[in-house]
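Take a look at the letters that make up each chain.
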Amino acid sequence: MQDQPTPDEVLGAIAAFLRGTVMLKTDPHTAYQARVAANAIDLVRRQLELGASGEDAELERLEALLGRSGNLAALNAELADALASGAVGLRTPGVSAHLHATTLEKLRVDQPNYSGYLAVLEGCRDLKDA
Amino acid sequence: MNSAARGEDAVRSALAALAPRLRPAARSISGLEPLSGGATQEIWRFNLDTTAGAQPLIMRRAPGGDRLSQMTVGLDVEARLIAAARSCGVPAPEVLHVLAPEDGLGLGFIMEFVAGETLGGRIVKAASLAGARDRLAYSCGQILARIHSIDSGAFPTLARQTPADLIEQWRAGYRRDSVRRPVFDLAFHALSAICPPAPQKACLVHGDFRTGNLMIGPEGVRAVLDWELAHIGDPMEDLGWLCVNSWRFGRIEKPVGGFGEYADLYAGYEAGSGSPVNRAMAKWWEMFGTLRWGVMCASSLAAFRGAAAGVERAMIIRRTSETEIDLLRLMEN
């Protein structure tokens, strides 16, 4: 068993160092780059926490949708081909729900403050409340 | 072109020699400062010292070549575009000089410096710009109508593509990438199905008219910047691109650039051009623009893994999913 602190805790300390020390003690351009770097570390921390379970669920949905098992890249390519040809579309049962769930899962890691993501989450909540 | 001045001291001497030709009363230059320097393009700021005082100027140049990519128009054409736009009443800086070989500065041009705000986040939020925001969508419509009135025949080298050509070009760009994105395939299919025909009246299109490329002051638009993606095409392209959610900087409820309403943009355009806005077409271009930006983000992966690694680029690539959620929202509506 590896020792602690955990990778997430170490990354958290690096992000805090970039924001709390580097950004305050350097020129504006480097400070900007340091903020981008701190944001990137936050993204990696979210992916370490959420990425695996999100991809498991994505694979499960793809297998149900396409009726066969396979790996994520191959099944994604198969769905992409079917969408490109028009053989399946947003009205095909399960497709819209799958694409939404997959995209929301990505944004949860990539950009959880993005306006388009927040708007769709809000819409999902409104549907549940109704 | 190999004799183009490199380094700050050489640029300073070359500009000082050029000074009297920029303004007859000019004796020298001062305050030279590089604002940004890419691999092929540079932007410099300096003051032209005249008996009447110092005039701040900008030089855009490419000491060793002039195009960022195949898609950009070239600096000489960019200078002519800015001058043509200005003479059609578009807010744009005065171009004082197009660099000639004997200037020893490479390819490029010198223009007036315009002060103002270009940062998207501040334009959509700053309290000091609240008054400007109220009128900005209408004003952008008027300005776009003027841009589209520029005589496109004077620019024979600009790219000319139909909407169908553009779909194929960007689809091919997406498919060069090894990663498949079902949402992109769905969006390409949906856009193809309702692809507009080649425009009856092809216009000069700015190509990158959006929050971030507009210099804003409390009174409104001071200058339209970044003409390097100009081309000949459907005028509705510019209206759609301005409304892509990526340029709303968090203000999703303000569809025009994060500051205004569709109705105001269209009213300004119709008042300026005298012809009606094809709303369905503008909406098609908004969706196409969203997909185009998504493909641009995603296709940076090869550059990131190649010669242009960097955290900022990595984070831009990870914004691709933003365009995927926006495409899903546009297709559900």
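This is a predicted model, so every value here is computed, not measured.

## Considerations on the overall build of chain A
Part 1 of the argument: The helix and strand tally for chain A stands at five helices and zero strands.
Part 2 of the argument: Helices and strands appear in chain A in the N-to-C order α-α-α-α-α.
Part 3 of the argument: Over its C-alpha trace chain A gives a radius of gyration of 19 Å, far above what one expects of a compact globule, namely 14 Å for 130 residues.
Part 4 of the argument: Structurally, chain A occupies a C-alpha span of about 55 × 40 × 30 Å along its principal axes.
Part 5 of the argument: Buried residues in chain A amount to 33% of all 130 residues.
Part 6 of the argument: Sequence-distant contacts in chain A: of pairs separated by 6 or more residues, those separated by 24 or more amount to 36%.
Part 7 of the argument: Within the structure as shown, chain A displays about 7,800 Å² of accessible surface, and the carbon and sulfur contribution to it stands at 57%.
Part 8 of the argument: Averaging the locations of the 12 positively and 18 negatively charged side chains of chain A gives two centres separated by 6 Å.

## Topic: the domain arrangement of chain B
All names here are of chain B.
Part 1 of the argument: Once the domains are mapped, chain B shows domain 1 (21-112) and domain 2 (120-332).
Part 2 of the argument: Averaged C-alpha coordinates put domain 1 and domain 2 at centres separated by 26 Å.
Part 3 of the argument: Listed by partner, the interface residues are 19 residues for domain 1 and 20 residues for domain 2.
Part 4 of the argument: Here domain 1 packs against domain 2, burying approximately 1,600 Å² in sum over the two surfaces, 70% of which is carbon and sulfur.
Part 5 of the argument: Inspection of the domain 1/domain 2 interface yields two salt bridges.
Part 6 of the argument: A salt bridge links Arg60 to Asp226; the nearest nitrogen and oxygen atoms lie 3.7 Å apart.
Part 7 of the argument: Inspection of the region where domain 1 meets domain 2 yields five residue pairs in polar contact (both at pLDDT 80 or more).
Part 8 of the argument: Considering each element in turn, the side of domain 1 that touches domain 2 owes the most residues, seven residues, to helix H2 (residues 75-87).

## Side note on the pattern of salt bridges
Pairs can form between side chains of opposite charge whenever their charged atoms are close.
Residues and elements named next belong to chain B.
Part 1 of the argument: The full count for this structure, using the stated rule, is 29 salt bridges over all chains.
Part 2 of the argument: The partner of Arg86 in a salt bridge is Glu112, and the shortest N-O contact between them spans 3.8 Å. In this pair, Arg86 sits in helix H2 while Glu112 sits in strand E5 (residues 107-112), placing the two residues 26 residues apart along the sequence.
Part 3 of the argument: With a closest N to O distance of 2.9 Å, Arg171 and Glu168 form a salt bridge. Note that Arg171 and Glu168 are positioned in helix H5 (residues 163-176) at a spacing of three residues, about one turn of the helix.
Part 4 of the argument: Its relative accessible area of 22% is what places Arg171 among the partly exposed residues.

## Digging into the pairing of strand E7 (residues 214-217) of chain B
All names here are of chain B.
Part 1 of the argument: Neither face of E7 is exposed, since Leu214 and Ile216 on one face and Met215 and Gly217 on the opposite face are all buried.
Part 2 of the argument: Judged from the four bridges that link them, E7 and strand E8 (residues 220-224) form a sheet pairing that is antiparallel. Among the inter-strand pairings, Met215 is bridged to a residue of E8, identified as Ala223.

## A closer look at helix H8 (residues 262-273) of chain B
All names here are of chain B.
Part 1 of the argument: With twelve residues, H8 extends 16 Å from end C-alpha to end C-alpha; this agrees with the ideal 16 Å at 1.5 Å per step.
Part 2 of the argument: Along H8, the residues classified as buried are Leu265, Tyr266, Gly268 and Tyr269. Taken around the axis of H8, the buried residues stretch over an arc of 160°, which confines them to a single face.
Part 3 of the argument: Packing partners of the buried residues in H8 comprise helix H4 (130-147), helix H7 (236-242) and helix H9 (279-298).
Part 4 of the argument: Positive phi appears at Gly274, one or two residues downstream of H8, with a value of about 75°.

## Section: the side chain of B:Asn245
Part 1 of the argument: Among the secondary structure elements, B:Asn245 is positioned in the loop between H7 and H8.
Part 2 of the argument: Given the relative accessible area of 4%, B:Asn245 is considered buried.
Part 3 of the argument: Side-chain polar atoms of B:Asn245 contact the side chain of A:Tyr114, separated by 2.9 Å.
Part 4 of the argument: Here B:Asn245 is in contact with A:Tyr114, A:Ser115, A:Gly116, B:Ile252, B:Asp326 and B:Arg329, once residues within four sequence places are set aside.

## Here's the deal with unusual backbone geometry
Part 1 of the argument: The step from A:Gln4 to A:Pro5 runs through a cis peptide bond, and the omega angle for that step is 10°.
Part 2 of the argument: Looking at the element boundaries, A:Pro5 is found in the segment before helix H1 (7-22).
Part 3 of the argument: The phi angle at B:Asp226 is positive, at roughly 55°, despite the residue not being glycine.
Part 4 of the argument: Within the secondary structure, B:Asp226 sits in the loop between E8 and strand E9 (231-233).
Part 5 of the argument: On the accessibility criterion, B:Asp226 (29% relative accessible area) is partly exposed.

About the thresholds
- Residues numbered from 1 in each chain as written.
- Chains lettered and ligands numbered in written order.
- Predicted model: local features only at pLDDT ≥ 70, side-chain atom pairs only at ≥ 80, totals over all residues.
- Heavy atoms only, no water.
- Helix = DSSP H or I, 4+ residues; strand = E, 2+ residues; numbered from the N terminus.
- Rg over C-alpha atoms; globule rule 2.2 N^0.38 Å.
- Buried < 20%, exposed > 50% of the residue type's maximum accessible area, 1.4 Å probe, protein only.
- Contact = heavy atoms within 4.5 Å.
- Areas by Shrake-Rupley, 256 points an atom, 1.4 Å probe, with all protein chains shown as cover.
- Lys, Arg positive; Asp, Glu negative; His and termini not counted.
- Charge placed at Lys NZ, Arg CZ, Asp CG, Glu CD.
- Domains from an automatic or database assignment.
- Buried area = accessible area lost by both parts, 1.4 Å probe.
- Salt bridge = Lys/Arg side-chain N within 4 Å of Asp/Glu carboxyl O.
- Polar contact = N/O pair within 3.5 Å; in protein donor to acceptor, adjacent residues only side chain to side chain.
- Pairing = 2+ DSSP bridges.
- Expected span 1.5 Å × (residues − 1).
- Arc of directions from axis to C-beta.

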